[in-house]
Amino acid sequence: MTNAQVQNAVVYLTGSTGFLGGMLVHQMNNDDRIQKIYCPVRAKGGATALERFHKSPLAKYKKCHFAQPGQDLPHDTTHIILNAYNTRFVEDLGKKLEENVAPMLSLLDTCDKRKDKIQGITVVSTAYMQPPLPFAFPEKGRVPFIVGEKGYTKASEVFDKVMTIYEGRKAKQDNLSESDTKTNKKLKLFNKNKEKKTNNKTDKKMMMKNNKKNVDENDEYFVDLHPYYKKNTYALSKLIMEHLITERYPHLPITFARPSIVTPDREGTHGLDNYAAASMIIKFAPKPVFLAPRCSGMLNTVFVEDCAHDIIEGALMIAKPAIRDGSVGVGDNSDKMWHPIIMSTSNSVSSLWEYFHYISPNIKRLRTEKEMVLKAARVLERFFVRMSKGKKQARRLFRAYEGYDMFSGSNWSFPANHLTERNEFIKSAHLYLEKLPVEEGKVKMPKKRHMKKIQS
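Keep in mind that this is a model prediction, so the values were computed, not measured.

1. Thoughts on a nonpolar patch on the surface
Now for step 1: A cluster of nonpolar residues, Leu380, Phe383, Phe384 and Met387, forms a patch on the protein surface that exposes about 440 Å² of accessible area.
Now for step 2: Note on placement: phenylalanine 384 falls in helix H12 (residues 371-389).
Now for step 3: Since its relative accessible area comes to 53%, phenylalanine 384 is described here as exposed.

Following this line, the structure appears as structure tokens:
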């Protein structure tokens, strides 16, 4: 199918209110091939779903139409983009699959009943769903379904196992007696009062205990989990998601889009009110925080407009049924059968320390690969942040370190599908900082002579 043949497309887009979702809506609104965009929006913060839709930037786009989440897919839908997904890295795997993957399966079940109507589907995954080096990028991006030393042959078996255990765990919690519930409420109140008196060391232990709890709960699902997936539930759930969808819906026209770390657009105007992906790094850069980042790994970045373009083209032009040995929809093993894969990545890579340094060279940050020195520096930084900014900001810093450590301490093998120079990302970051609202705080930009060094 050529571009000229795609006309009057009606796209159902999940995750439309997020950082990437906002760019997807913007580009589709300007795409002559697309007639209508359905945007399901959830109720949140006391506001109804419809109220949130009208208060959001979505309401200004003529092609955007409100869709109630959980209801049937609109009858005139021709294309689907499944973009909604929370990016918490350390979380109970059962909860992650229930909140993110299960709703996808429900929508795809409906699509399966409307095979003749649905023309293309893009499922947004992540480039980081594959393990780091020495795992090499496989042929055409086809990552085998191996989540441990023994491995599993079918993702559906794993999904069913995880959900059974998770639902059983939830049922036990729901069956607490009234007396137990009252006791728990008193205990929570006691812990809340006690928390006010804790020092930085105790606060750190509490957060580490919560993270360890999530890891221990995931151990119940797998005995021999791959080390990378054990500490990154987000990546593991994406791996399961890709293979599960391929197993269940081989005849549907689907493509998987795998973006790396998504940055603001080239003009630095998109996502100014957002802390997703690289936006958080850029906002941290000119501030005296995140002073001890890891520098051993290289991060791959991609502009949000390039990523959005890949996702839209995936649904309109590239999506196809799964292929195995030249045949369509044969067999039930997702390792032998594949939908098309789009790697939304670039040739620009930098360590986290370099990224910070190029954006804001005036802030001195520790550059070392010695683990003990790094830990000591972070303990001191967390203490000073807690004393000056409060406990909430100290926790936020801890979570930021924890999240980016998973990527900034390792290296990955990705193809470069977008040719983008590093100085383009740095220029974009400077423009982004200049356009931040006043309350975000204006910052001192690097001198022109330093920019010349970066470009050279």
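Having put the structure on the table, let's press on.
2. Details of the packing of aromatic side chains
Now for step 1: Tallied over the full model, the rule gives 15 aromatic pairs.
Now for step 2: Judged by centre distance (4.3 Å) and plane angle (20 degrees), the rings of phenylalanine 303 and phenylalanine 425 are stacked. In this pair, phenylalanine 303 sits in strand S8 (residues 299-303) while phenylalanine 425 sits in helix H14 (residues 422-434), placing the two residues 122 residues apart along the sequence.
Now for step 3: What makes phenylalanine 425 buried here is its relative accessible area of 2%.
Now for step 4: Among the aromatic residues, ring-to-ring pairing joins Tyr85, Phe89, Tyr128, Tyr228, Tyr229, Tyr234, Phe407, Trp412 and Phe414 into one connected group.
Now for step 5: Across from the ring centre of tyrosine 85, 3.7 Å away, lies the NZ or CZ of lysine 238, which sits over that ring.
Now for step 6: It is arginine 365 that lies over the ring of phenylalanine 356; its NZ or CZ is 4.3 Å from the centre.

3. Details of the packing of helix H3 (residues 93-113) against helix H4 (residues 155-174)
Now for step 1: Direction vectors running N to C along H3 and H4 enclose 120 degrees, while the axes themselves pass 10 Å from each other. When the axis of H3 is compared with that of H4, the two are oblique. Between H3 and H4 the crossing geometry is left-handed. Residues Leu93, Gly94, Lys95, Leu97, Glu98, Val101 and Leu105 of H3 lie in contact with H4, whose contacting residues are Phe159, Val162, Met163, Tyr166 and Lys170.

4. Let's talk about the nonpolar core
Now for step 1: If you look at the biggest cluster of nonpolar residues, it comprises 84 residues, and the most contacted ones within it are Ile121, Val123, Ile245 and Phe290.
Now for step 2: Each residue touching isoleucine 121, except ones within four places of it in the same chain, is listed here: Ile80, Leu108, Cys111, Leu252, Pro253, Ile254, Thr255, Ala315 and Ala319.
Now for step 3: Counting residues in hydrophobic clusters, the runner-up holds 30 residues, among them Val25, Met28, Phe53 and Ile81.

Scoring rules and cut-offs
- Within each chain, residues carry numbers counting from 1 in the order of the written sequence.
- Where local features are concerned, this predicted model is filtered to residues with pLDDT of at least 70; where side-chain atom pairs are given and counted, the filter is 80 or more; whole-chain, interface and lining totals use all residues.
- Values shown for side chains rest on all heavy atoms present in the structure; no hydrogens or waters enter the calculation.
- Like-charged residues within 9 Å of one another, or nonpolar side chains (Val, Leu, Ile, Met, Phe, Trp, Tyr) within 5 Å, are grouped into patches, provided each residue has over 30% relative accessible area and no salt bridge.
- Only the protein chains shown count as cover for residues, and all accessible areas are computed by the Shrake-Rupley method using a 1.4 Å probe.
- Within this document, salt bridges are pairs made up of a side-chain nitrogen of Lys or Arg and a carboxyl oxygen of Asp or Glu, the two lying within 4 Å of each other.
- Secondary structure elements follow DSSP: runs of H or I no shorter than four residues count as helices, runs of E no shorter than two count as strands, and numbering proceeds from the N terminus.
- Think of it in three bands: with a 1.4 Å probe and only protein chains considered, a residue is buried below 20% of the maximum accessible area for its type, exposed above 50%, and partly exposed in between.
- Only Phe, Tyr and Trp rings are paired, with Trp represented by its six-membered ring, and only when their centres lie within 6.5 Å; those with planes under 30 degrees apart are stacked, over 60 edge-to-face, the remainder tilted.
- Distance and angle both matter: a charge sits over a ring if NZ of Lys or CZ of Arg is within 6 Å of the ring centre and within 35 degrees of the ring normal.
- Lines fitted to C-alpha atoms define the axes, with helix axes restricted to the stretch in contact, and inter-axis angles between N-to-C directions lie between 0 and 180 degrees.
- Any angle between 65 and 115 degrees counts as roughly perpendicular, while under 35 counts as roughly parallel, over 145 as roughly antiparallel, and the rest as oblique.
- Handedness of a helix crossing follows the sense of rotation of the near helix relative to the far helix, less than a right angle counterclockwise being left-handed and clockwise being right-handed.
- We call two residues contacting when some pair of their heavy atoms lies within 4.5 Å.
- What makes a nonpolar core is a set of buried Ala, Val, Leu, Ile, Met, Phe, Trp, Tyr and Cys residues whose side-chain atoms join them at distances within 4.5 Å.

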